[in-house]
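An overview of the molecular structure
Residue strings, one per chain:
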Amino acid sequence: MLAVAGALLCALAGHGPAQAQDGSREREALRRTQAALQQAQQQRSALEAEKTTWQQQQAEQAQQAQQQQARLAAAQAELRRLKGQAVAATAVQVQLTAEQAARAGLKTRAAADQAQAAQQRDEARQQAAQLRRELDERTSANRALVAQLTAATEALAAATERNRQLLAIGSEAAERLRGLSSRERAWRDDPVLGLTGVRLAGEAEDLLLRLDAQRQPLPVAAAPR
């Protein structure tokens, strides 16, 4: 457009002397041409400014697109991280569920063990009470047996002492009958008085038999239960 305007100015300058009467029209044409040139320059400047603005907008849009792509990549990475966390959380939840089930099983087993232990304690208390009763019964029986044995021992000692005394008396009597004096032997050997000796000897033997019969038998101790 500048080249066209220059050509027009040169053409107008070359016809100046020949066309003086048309000077006003040429000046008007020149003015219009200059106005058109100025308008064209303004339009070009506006277009260049608009182009610059458009290029800036394109650059900003490209930058925004890059930023959006970066944000998209970051969002995708965050999404992958969240998915990984979700998978890990699911695994943790599964593990927690398993642990809760295990704890519930342990609680159930502990309750069963406690119930069994309580039953065993009750059985042990019952057995201990039974053993105490049996021990008391055996203690009472042993005391009664000891009393019986003590009484039997005392009776045995008394009977033994009585039999010893009776036997001593009988033996003494028999010895006295057997160990007669010389005069008594003479009486015994005398045809007439000998009957007295025989009678005395018979009485002595009878006394020994009676003493032996009167001896009390030893009491038999009861066998301990």
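Residues numbered from 1 in each chain as written. Predicted model: local features only at pLDDT ≥ 70, side-chain atom pairs only at ≥ 80, totals over all residues. Heavy atoms only, no water.

1. Considering the overall build of the protein chain
- On a plain count of helices and strands, the protein chain comes out with 4 helices and 0 strands.
- Of the regular secondary structure in the protein chain, the N- to C-terminal order runs α-α-α-α.
- When each of the 225 residues of the protein chain is scored for burial, the buried share is 7%.
- About 18200 Å² of surface is accessible on the protein chain, with carbon and sulfur atoms providing 58% of the total. (Helix = DSSP H or I, 4+ residues; strand = E, 2+ residues; numbered from the N terminus. Buried < 20%, exposed > 50% of the residue type's maximum accessible area, 1.4 Å probe, protein only. Areas by Shrake-Rupley, 256 points an atom, 1.4 Å probe, with all protein chains shown as cover.)

2. Here we look at the pattern of salt bridges
- With the rule as written, the count across this model stands at 5 salt bridges.
- Arg 32 serves as the salt-bridge partner of Glu 28, at 3.3 Å between the closest nitrogen and oxygen. Of the two residues, Glu 28 and Arg 32 both sit in helix α2 (residues 23–178), 4 residues apart, roughly one turn of that helix.
- Residue Arg 32 is classed as exposed on the basis of its relative accessible area, which comes to 55%.
- In this structure, the salt-bridge partner of Glu 78 is Arg 81, at a minimum N-O distance of 2.1 Å. Residue Glu 78 and its partner Arg 81 are located together in helix α2, separated by 3 residues, close to a single helical turn.
- Residues joined by salt bridges that share partners form a network here, namely Glu 28, Arg 31 and Arg 32. (Salt bridge = Lys/Arg side-chain N within 4 Å of Asp/Glu carboxyl O.)

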